[in-house]
Structure formats: C-alpha cells, structure tokens
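Each chain, letter by letter, is given below.
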Amino acid sequence: MKHTSLQRVKQAIIAGFWASLASISVGFLFKLWLAQWVTKADLALYHTVIDIISLSLILMTGFRSSMVVTYSQTKQDVDITNIFRYSLIAMVLLTWGLVLPYIKHKLQLNVEYFQLVGIILSMGLKVYFTNQIAMYRLYAISNLVTWLEPIAQVSSFFLCFYALKQTAIASLFYSMTLSSLIVALYMYLKRRKDIATPPLSTVHFDTGLRSFMKKSLTASMEAGASILMIYITVLLTIAYFSIDELGDFQVVVRPMITYLTLLFVFPIYRFVLPEVAVCVREKRFDEVQQIKSWLTKVSLWISGIFFVVMVFASKPLVAWLFPEQYIKAAPVLMHFSMFFIFMMLNGYQLAYIKAHGYFTQSLLIRLAGIAVLVSTFYAYRLYTENVVAVILALGTGYLMMYLISKLVERRIQQSLNNGPTQL
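This is a predicted model, so every value here is computed, not measured.

Engineer: Would you explain the overall build of the protein in this entry?
Structural biologist: A tally of helices and strands in the protein yields 14 helices and 0 strands. Along the protein, helices (α) and strands (β) appear in the sequence α-α-α-α-α-α-α-α-α-α-α-α-α-α when read from the amino end. Here the protein has a C-alpha radius of gyration of 21 Å; the compact-globule value for 423 residues is 22 Å, and the two agree. Expressed as lengths along the three principal axes of its C-alpha atoms, the size of the protein is roughly 60 × 50 × 45 Å. Considering only intrachain contacts with a sequence separation of at least 6, the fraction spanning at least 24 residues in the protein is 82%. Accessible area for the protein stands at about 18,700 Å²; split by element, carbon and sulfur atoms hold 67% of it.

Engineer: Mind showing me how you'd approach unusual backbone geometry here?
Structural biologist: Backbone phi values are negative for most residues with the exception of glycine, while trans is the configuration of most peptide bonds. Located in the positive-phi region is K165, a residue other than glycine, with phi close to 60 degrees. Secondary-structure assignment places K165 in the loop between α5 (139–163) and α6 (168–194). When its relative accessible area of 66% is taken as the criterion, K165 is described as exposed.

Engineer: How should the nonpolar core be read in this particular structure?
Structural biologist: What tends to happen in soluble globular proteins is that the nonpolar side chains get buried as a cluster. I53, V272, F340 and I391 are the most contacted members of the largest nonpolar core, which has 142 residues in total. For this core, the element with the highest residue contribution is helix α2 (residues 40–74), accounting for 15 residues. If we ignore the near neighbours within four places in the chain, the residues touching V272 are V9, I13, P267, I291, L295 and Y348.

Engineer: Explain the packing of helix α4 (residues 113–135) against α6 here, please?
Structural biologist: The axes of two packed helices give the description: the angle between them and the distance between them. Orientation of α4 relative to α6, taken along the N-to-C sense of each, is 25 degrees, at an axis distance of 8 Å. Regarding the angle of α4 to α6, the classification is roughly parallel. Considering the relative orientation of α4 and α6, their crossing is left-handed. Here F114, Q115, G118, I119, S122, M123, L125, K126, F129, T130, Q132 and I133 of α4 come into contact with α6, specifically with A170, F173, Y174, M176, T177, S180, L181, V183, A184, M187, Y188 and R191. For the contact of α4 with α6, a count of residues per class yields 15 nonpolar, 7 polar and 2 charged.

Engineer: Hey, could you run me through the confidence of the model for the protein in this one?
Structural biologist: A low pLDDT score tells you not to read the predicted coordinates there in detail. Summing up the model confidence of the protein, the mean pLDDT is 84 and the portion of residues at 70 or higher is 97%. Mean pLDDT in the protein bottoms out at α2, which sits at 76, and peaks at helix α13 (residues 359–381), which reaches 91.

Engineer: Teacher, can you tell me more about the side chain of T146 here?
Structural biologist: Within the element layout of this structure, T146 appears in helix α5. Residue classification places T146 among the buried residues on the basis of a relative accessible area of 14%. At 2.9 Å, the side chain of T146 and the backbone oxygen of S142 are in polar contact. Not counting the four nearest positions on each side in its chain, T146 is found in contact with A19, S20, S23 and R270.

Analysis parameters
Residues numbered from 1 in each chain as written. Predicted model: local features only at pLDDT ≥ 70, side-chain atom pairs only at ≥ 80, totals over all residues. Heavy atoms only, no water. Helix = DSSP H or I, 4+ residues; strand = E, 2+ residues; numbered from the N terminus. Rg over C-alpha atoms; globule rule 2.2 N^0.38 Å. Contact = heavy atoms within 4.5 Å. Areas by Shrake-Rupley, 256 points an atom, 1.4 Å probe, with all protein chains shown as cover. Buried < 20%, exposed > 50% of the residue type's maximum accessible area, 1.4 Å probe, protein only. Core = buried A, V, L, I, M, F, W, Y, C linked by side-chain atoms within 4.5 Å. Axes fitted to C-alpha atoms, helices over the stretch in contact; angles between N-to-C directions. Parallel < 35°, antiparallel > 145°, perpendicular 65-115°, else oblique. Left-handed = near helix turned anticlockwise from the far one by under 90°. Nonpolar A, V, L, I, M, F, W, Y, C, P; charged D, E, K, R; others polar. pLDDT = per-residue confidence, 0-100. Polar contact = N/O pair within 3.5 Å; in protein donor to acceptor, adjacent residues only side chain to side chain.

The following block contains the structure:
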C-alpha cells in the first residue's frame, strides 16, 4: 500500500516524538542528578565549552537540508557525499586550529587539550553520518539514534567517573567524546546494511552540483545563525548578569529550550523537509497543504498546553525538579513559553521555503532574527535589569522570523499560481 507524504510525516514525527521523549527523559534525569552534587560553575563551564564547539561543527549540519533537497532532485549521492566529506574535513581542521586555541587562551577556560580534540573529532564523525542518514531518508535509524545517544553518554560517564576514577568535569568531557563515537559507529553499521558507502573520489562539478554547493554554504550559514541565536543569549547573560544567573540559564532554561526543540521542532526539519521537497518536485501541492494544516493544529495544541503549564506551574516544577538555588529560572521559562508557538510554525515555513530552493531567503530570515534579538535586548534593558530581558529578546527574534517567513511563503505561493516572481 502506497503511503501519502502526510502519512509518512505523521508516522515519522510520532515515532520521532517517542524516541525524543525517551532521549530527553534519560538526558534530563542525568542533568538533574548532576545538578544535585556537581558545582554550578563546573556545569556552566562544561555547557559553555560544548556550545562553542557545537557552534562551529553545527555549520556542517546546514549541509543536511541542501543534501536532502538536491538528492531528492538528482539522486547523485556519490558527488554530494564527497563534497560534504571534503567540506567537513576542512571544518574540523578549522575548528581544531581556531576554536580550540580560542577556548584555551582567549577565554582561558580550564579544559584539557586532549578532551577538546576528542570532542571535535568525535562530533565531526557524528555529524557526517547524521547527514548521510537524513539524505537517504532513513527515518528509522534517525529515531533510534535519538535515544541511543544519551544512553551512550550516561554509560560513558559512569565508566569514566566510577571505573576510571576521573573527576566529574573530566568525565563529562570524555563521555561526550565516547558517546559521539559510539553513535557514529552505530549509524555507519546500520546505514551500510541498506546502502553501500559511496566511494571517495574527485568531484566533477556540473550546474546541479554548483547549485548544491551554493545551497550548502548558505544552509551552513543558516545553521550557524540558528545556533548563534542561543549562543548570543549565553554571551549576553555572561556579559550583563551574574554567574548564578548564568547557571540558571545553562542548567535549567537552555536545556528546556533544547528538549522542546528536540521534541517538537527538529522533527519538522528532519521529516517534513524531505517529504515536502519530494512533493514540490512532483508538483503534489495538495499534499504540501495537508502537511501544513496538520502541523499547524499540532503546533497550536502543543504550544498552548506548554504556555498554560508554565503560567500556573513553572515555580512548583522548577522547585520540584531542581535544587532551591535554581528557582529564579521559573519566570524565565514562563516568558519563553509565550513565544514557543513561533518556533514551531517557523520551522515548517523555513522547511517549505528551502524545499522550493530559496536557501538565501531562509538565511536572511535567520539573520533578521539575530538582529532583532540583539537590538530588542538593549531596548528591554532600558526598562528592566532582570535576566528575563534575555529570553524576551530571544522570543521577539523568533516572532520576527515567523512574520518574515510568512511573507516569503505567501510570495512563493503567488509565484506558483501566477508564474515566477523575484522574491
């Protein structure tokens, strides 16, 4: 029986939800346990270092959307994979040569050199296989990896801390390296059963591959801009607020944003974009509309429930889950809940825009969100000295992205109805 794109999206997203929920449950319980006995300063240091390295390597995840769209159109997996391989190698070396010295000498963070190198190399391998699985639309493997990764990290932490007698902070860094390697190996073995590894070879650029490279670079910058929005909130918190407020953000608020994004926003990028891209290529626009209608209803329900829970129960939840010193994170979470709807709806709209090949417009939307984030933060600072100004600025950035992407979506629909127009 042939499934429609909407049915495939529903099945993948529902399976992805349960996989993400299992992953989040393991990861969140692990963070709660760490928060009980690891110092707030050590946890803030660990999360900050991971953020910095992720910001550089996440650029390569930007290749994912262009790989998905281009492969759905051309089926040239050998050339696409080799372009990605060479680009990833260059980025890993660049991260090693520039980001690592920045962490060690500019920020003067007390982290061992070997730990940083291990994280850079292992995360690079994980990104490589994650993108390959996305390109081939291997949804089942993607969902398995979602919950396998936190289990691998927790197991690796216990090994390093209890068996190898490492310190807590060292065990966190080593466990990140080991878990990334385990996940990368798993994805390689599972993918190889279904699809042979494309051979390493020279790339013969034609018009399609030049377009792919342009889209990949643009998508990489967009991925960097996406992570940069969260990283800017960390930098603003560091610059204008105390280490205690930074700990609230890094241990409570940012993980909550991450978990909600993993549950309800990332599945849109992982599963909706590939299906919409195929529908666009085959001009099945009625199925695209069905996907949009279903996602809109789901987004309204989920964001509505989240908002109500945060308004009436944010303080009791934070007090129940975290030690007393983190209670000030509750109002920050409550304010974030007002804007989560725009993260979900904007996820679909950016996927729709990129499925039509408008990667530059998608990047410009991200950059507009960053500009609004920074400018509104300083505007909010005129009225309040509270750390909630950071999350309000972040939410306003997402709101502006939603409004702009909505306009671009309408222009695309008009061009389909009336003939090509310049966006």
